[in-house]
Amino acid sequence: MAGIIEIKNVTKEFRVLNRREGLKGSLKDLFSRNYKTVRAVDNVSMSIQQGEIVGYLGPNGAGKSTTIKMMTGVLEPTSGEILVNGCVPYKNRTKNAENIGVVFGQRSQLWWALPLIESFRLLKDIYQISDSGYDEMMKLYGSLVDIEPLLHKPVRQMSLGQRTLSDILAAFLHDPKIVFLDEPTIGLDVSMKAKIRTLIHALNKEKKTTVILTTHDMGDVDALCRRIVIIDHGKMLYDNDIEHLKSFFGSYRTLKVRVDGDLAAQTQQIQGQYPDFSVTCDEQEEWISVLVDEDRQKVLDVLSQLQKTHRIKDMQLEEISTEEVIKKIYEEGVR
Amino acid sequence: MKRKGLRFYLHIYRKILAQDIKSKMSYRADFIISTIGMIFTNISGFVGFWILFRNFPSINGWSYHEMLFLYGFSLVSITPVQCLFDNNWSLRQQVYSGDFIKYCFRPINLFFYYQSEVFDIKGLGQLAFGIGTIAYSWSRIGLAFTPLMLLKLIVFLITASLIMIALQNAAAATCFWIQNSFYVLDLAFRFKDYAKYPVTIFSTVFRFIFTFIVPIAFIAYYPSLVILRPDEIPLLSWLSPFIGIAFFFVSYKIWMRGATRYSGTGS
Ligand SMILES: Nc1ncnc2c1ncn2[C@@H]1O[C@H](COP(=O)(O)OP(=O)(O)OP(=O)(O)O)[C@@H](O)[C@H]1O
Ligand SMILES: [Mg+2]
């Protein structure tokens, strides 16, 4: 079945001016321009079905936002084919816009001076939402978040979290088939993140909205996505279920210990003892985590060795977390 | 309502406008101060004009009151660009910072959506001032007041406004291609100061420039000839409504072309 989004061999290149240094360089730039090409997205293909939530992941500068801009019709692909809802986004930007919602974290699209409710009413007219559709959506919003205090506040007086929440509500208002969320939880506190995850989850369930989500917070991924797509340097590294990915790392387990003494110093010491494993510390909860590859050494061996050198107050054993899986992939690639 | 029809856009515009004015009114001090500022700007502009011209009974065959008419005419024709297209002034900043991208996600005309965001209410005072000046000079020159004359006045005021808008659109749109486009926009806006003089007082070189390159002579001079010099109307005056429409259309195309090839910034 053809997906609601079909991307085939898409590449996007930017031409950027190679600036020369110094005054002499600037003068040279005036006369002979030296361009270099940056390949932001490199031969990416994927197919996304109606109703999916896809986590689109990758380190900074991987090409995620660029891909989203192409799917929304703002950027034209250098080569390859994109079909969103059966039409080519770049050629039918306004038509495509009727069926999608977009949120770029930290860049509000609402009218700055207007109270949220007025923005909503304008959107109702712009997207020609029927009265009943609008009322139904507002009722749904009312049941999902505490929307009342936001409605009469001008957007510019809102906190970042309130604004992001409002932007997400605005993006879903016309019941679009697809919503693109580019780092929607960036800069938000723990409780606002949780609220937004619940909201996205509920709207996806209720309205069968397809959601493409980019984020650097694996909490978002754990809460929302079954399928993830990973790209790096514009190239696709992975496209499948997250569980499948974790099974690659089946032999990895995380040993967490609490020990006496200075946290940072102890972490360093343990890292010194196990140079092959990644050792990290969580300063808030004072855990030291050792990511153990059981093909090399059993977790229980590591524990008993540690007991000889350190006074262990508490310990926990965990399967590898999404965060660690993703980190390993960014660092080492998929094997 | 048909999407993209004129009614649709008027309806949206009215709504945004009403909201915008409401929210501006709520910042009362701000509103009052900027209104006072606007009144003083107009008065000082007028005083400058008066000092310059009261000593000359006529310049190049233009009487004081005719000059005054031209002055009023240019004030009125600059009002639409100030009220309705003021957001052009922030275009450069928005393009540079990447915020411009937010206008690209709505299913309506990009140019309309961008310009509709800002309505500069201060321009209305200038409109009143300009209309007053036109009315005063009209009666002093002793022009007839017939429906036909009024129709001509309105048609040519619209023409002049279109040219002013076109000039500003094109100047603002340069930011899609070059970095330091502020100077272009600023320059274009400064040129309007020359619009209030009869183009015949300039040297041939400038006359050519102001007619064919930066067509500010069409903002007040050529259109008002139709009213002030009905016996010797040059062809360019009759052509000016078409030139106005053509210029506006071209500037709109340039603006839209810039906007659609806009690639944004990283992230
Ligand atoms: N308008 C542009 N002009 C030139 N280069 C660009 C432009 N936009 C993006 N790039 C480059 O393309 C690459 C991918 O950028 P993109 O914004 O898509 O990354 P990203 O995956 O969204 O990263 P992040 O997680 O940091 O947001 C980067 O190397 C970036 O510098
Ligand atoms: Mg990004």
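Throughout what follows, the structure given in this document is the object of discussion. Residue indices follow the written sequence of each chain, beginning from 1 at its first position. Think of it this way: whatever chain is written first is A, whatever ligand is written first is 1, and the rest follow in order. Reporting of local features is limited, given that this is a predicted model, to residues whose pLDDT is at least 70; pairs of side-chain atoms are given and counted only at 80 or more, and all residues count toward the totals for whole chains, interfaces and linings. Only hydrogens and water are set aside when side-chain values are computed; all heavy atoms of the structure are taken into account.

### Digging into the sheet that holds strand 9 (residues 235-241) of chain A
Residues and elements named next belong to chain A.
Part 1 of the reasoning: A strand pair is defined by DSSP finding two or more bridges across the two strands. In DSSP terms, a helix is any run of H or I states spanning at least four residues, a strand is any run of E spanning at least two, and both are numbered starting from the N terminus. Overall, mixed pairing links the six strands, which are arranged 5-6-7-3-8-9 in an open sheet. Edge strands, defined here as strands with exactly one partner in the open sheet, are strand 5 (100-104) and strand 9. Between one strand and the next, the sheet's axes are offset by a mean angle of 15°, whatever the strand orientation.
Part 2 of the reasoning: By the bridge criterion, four bridges tie strand 3 (residues 53-57) to strand 8 (residues 227-232) in an arrangement that is parallel. Counterpart to Leu57 in the pairing with strand 8 is Ile230.
Part 3 of the reasoning: The contact definition used throughout considers only heavy atoms, calling two residues in contact when any of these lie within 4.5 Å. All axes are obtained by fitting lines to C-alpha atoms, using only the stretch in contact for helices, and the reported angles, taken between N-to-C directions, cover 0 to 180 degrees. Where helix 2 (residues 64-71) meets the sheet, its contacts fall on strand 3, strand 5, strand 6 (178-182), strand 7 (210-214) and strand 8, and the angle it forms with strand 6 comes to roughly 155°.
Part 4 of the reasoning: Against the sheet, helix 7 (residues 160-172) makes contact with strand 5, strand 6 and strand 7, and its axis sits at roughly 165° relative to strand 5, the strand it touches most.

### Topic: helix 11 (residues 263-273) of chain A
Residue and element names in this part refer to chain A.
Part 1 of the reasoning: All buried positions along helix 11 are accounted for by Leu263, Gln266, Thr267 and Ile270. Within helix 11, the buried residues cover an arc of 100° as seen down the axis, which keeps them to one side. Facing away from the buried side of helix 11 by more than 90 degrees, the exposed set consists of Gln268 and Gly272.
Part 2 of the reasoning: If you follow the buried residues of helix 11, they end up packed against strand 10 (252-259), strand 11 (278-282), strand 12 (287-293) and helix 12 (299-309). Exposure is judged per residue with a 1.4 Å probe applied to protein chains only, and the accessible area is read against the type maximum: over 50% gives exposed, under 20% gives buried, and values in between give partly exposed. Taking the helix axis as origin, the arc is that swept by the directions to the C-beta atoms.

### Comments concerning a nonpolar patch on the surface
All names here are of chain B.
Part 1 of the reasoning: Patch building starts from residues that exceed 30% relative accessible area and form no salt bridge, then joins like charges within 9 Å and nonpolar side chains (Val, Leu, Ile, Met, Phe, Trp, Tyr) within 5 Å. Reported accessibility uses the Shrake-Rupley method at a 1.4 Å probe radius. Residues are deemed covered only where the shown protein chains occlude them. Any carboxyl oxygen of Asp or Glu that lies within 4 Å of a side-chain nitrogen of Lys or Arg is treated as forming a salt bridge with it. A cluster of nonpolar side chains, contributed by Ile39, Ile43, Val47, Trp50 and Ile51, occupies part of the molecular surface with about 420 Å² of accessible area.
Part 2 of the reasoning: For Ile39, the position within the fold is in helix 2 (residues 28-53).
Part 3 of the reasoning: For Ile39, a relative accessible area of 42% corresponds to the partly exposed category.

### As for the nonpolar core
Part 1 of the reasoning: Core analysis: the largest hydrophobic core is formed by 165 residues, its most contacted members being Ile5, Phe120 and Ile228 of chain A together with Phe100 and Trp255 of chain B.
Part 2 of the reasoning: Beyond its immediate stretch of four places on either side in the chain, Trp255 of chain B contacts Asn88, Leu91, Phe100, Leu110, Phe111, Tyr114, Gln115, Asn169, Ala173 and Phe176 of chain B.
Part 3 of the reasoning: Residues grouped as a nonpolar core are buried Ala, Val, Leu, Ile, Met, Phe, Trp, Tyr and Cys residues, joined through side-chain atoms within 4.5 Å. Core analysis: the next-biggest nonpolar cluster, separate from the first, contains 15 residues, Leu255, Leu263, Phe277 and Val292 of chain A among them.

### Some words on the sheet that holds strand 4 (residues 79-84) of chain A
Residues and elements named next belong to chain A.
Part 1 of the reasoning: What the three strands build is an open sheet, ordered 2-1-4; its pairing is antiparallel. With partners counted over all chains shown, the strands left at the sheet margins are strand 2 (35-48) and strand 4, one partner each. Each strand axis lies, on average, 30° off the axis of its neighbour in the sheet, ignoring direction.
Part 2 of the reasoning: Strand direction decides the pairing type here: strand 1 (residues 5-17) and strand 2, joined by ten bridges, are antiparallel. Bridging from a neighbouring strand, Phe14 pairs with Val38 of strand 2.

### What about the packing of helix 3 (residues 64-84) of chain B against helix 6 (residues 123-141) of chain B?
Residues and elements named next belong to chain B.
Part 1 of the reasoning: One way to put it is that helix 3 packs onto helix 6 with a least axis distance of 8 Å and a crossing angle of 155°. Of the possible angle classes, the one that applies to helix 3 and helix 6 is roughly antiparallel. Crossing of helix 3 over helix 6 shows left-handed handedness. Convention used here: angles under 35 degrees read as roughly parallel, angles over 145 as roughly antiparallel, angles from 65 to 115 as roughly perpendicular, and any remaining angle as oblique. Should the near helix be turned anticlockwise from the far one by less than a right angle, the crossing is left-handed, and should it be turned clockwise, the crossing is right-handed.

### Let's talk about helix 2 of chain A
One full turn of an α-helix is made of 3.6 residues, so residues set three or four places apart face in the same direction.
All names here are of chain A.
Part 1 of the reasoning: Of all the eight residues making up helix 2, eight are buried; the element is thus mostly covered by neighbouring parts of the structure.
Part 2 of the reasoning: Within the sequence span of helix 2, burial applies to Lys64, Ser65, Thr66, Thr67, Ile68, Lys69, Met70 and Met71.
Part 3 of the reasoning: Just past helix 2, the residue Gly73 takes up positive phi, approximately 90°.

### Observations concerning the interface of chain B and chain A
Part 1 of the reasoning: Counting residues at the interface gives 32 residues for chain B, matched by 30 residues for chain A.
Part 2 of the reasoning: Joining two parts hides part of their accessible area as seen by a 1.4 Å probe, and the buried area is that hidden amount summed over both. Taking both partners together, chain B and chain A bury about 3,000 Å²; carbon and sulfur atoms supply 53% of that area.
Part 3 of the reasoning: Here chain B is connected to chain A by two salt bridges.
Part 4 of the reasoning: Linking Lys15 of chain B and Asp125 of chain A is a salt bridge whose minimum nitrogen-to-oxygen distance equals 2.8 Å.
Part 5 of the reasoning: Within 3.5 Å is the distance limit for a polar contact, defined as a pair of N or O atoms, with the added protein rule that one can donate a hydrogen and the other accept it, and that residues adjacent in sequence qualify only through two side-chain atoms. In this assembly, chain B and chain A are joined by nine residue pairs in polar contact (both at pLDDT 80 or more).
Part 6 of the reasoning: Breaking the side of chain B that touches chain A down by element, the ones donating at least two residues are helix 1 (6-25) and helix 5 (110-116) of chain B.
Part 7 of the reasoning: A total of nine residues in the side of chain B that touches chain A trace back to one element, the largest contributor, which is helix 1 of chain B.
Part 8 of the reasoning: Its residues placed into classes, the side of chain B that touches chain A shows 14 nonpolar, nine polar and nine charged. Amino acids outside the nonpolar list (Ala, Val, Leu, Ile, Met, Phe, Trp, Tyr, Cys, Pro) and the charged list (Asp, Glu, Lys, Arg) are all regarded as polar, and Gly is one of them.

### Focus: the environment of Ala40 of chain A
All names here are of chain A.
Part 1 of the reasoning: With respect to the helices and strands, Ala40 occurs in strand 2.
Part 2 of the reasoning: Among the residues examined, Ala40 registers a relative accessible area of 12% and is labelled buried.
Part 3 of the reasoning: Measuring from C-alpha to C-alpha, the distance between Ala40 and Ala265 comes to 40 Å, with 225 residues separating the pair along the chain.
Part 4 of the reasoning: In contact with Ala40, not counting residues within four places along its chain, are Lys12, Phe14, Ala62, Gly63, Thr66 and Gly234.

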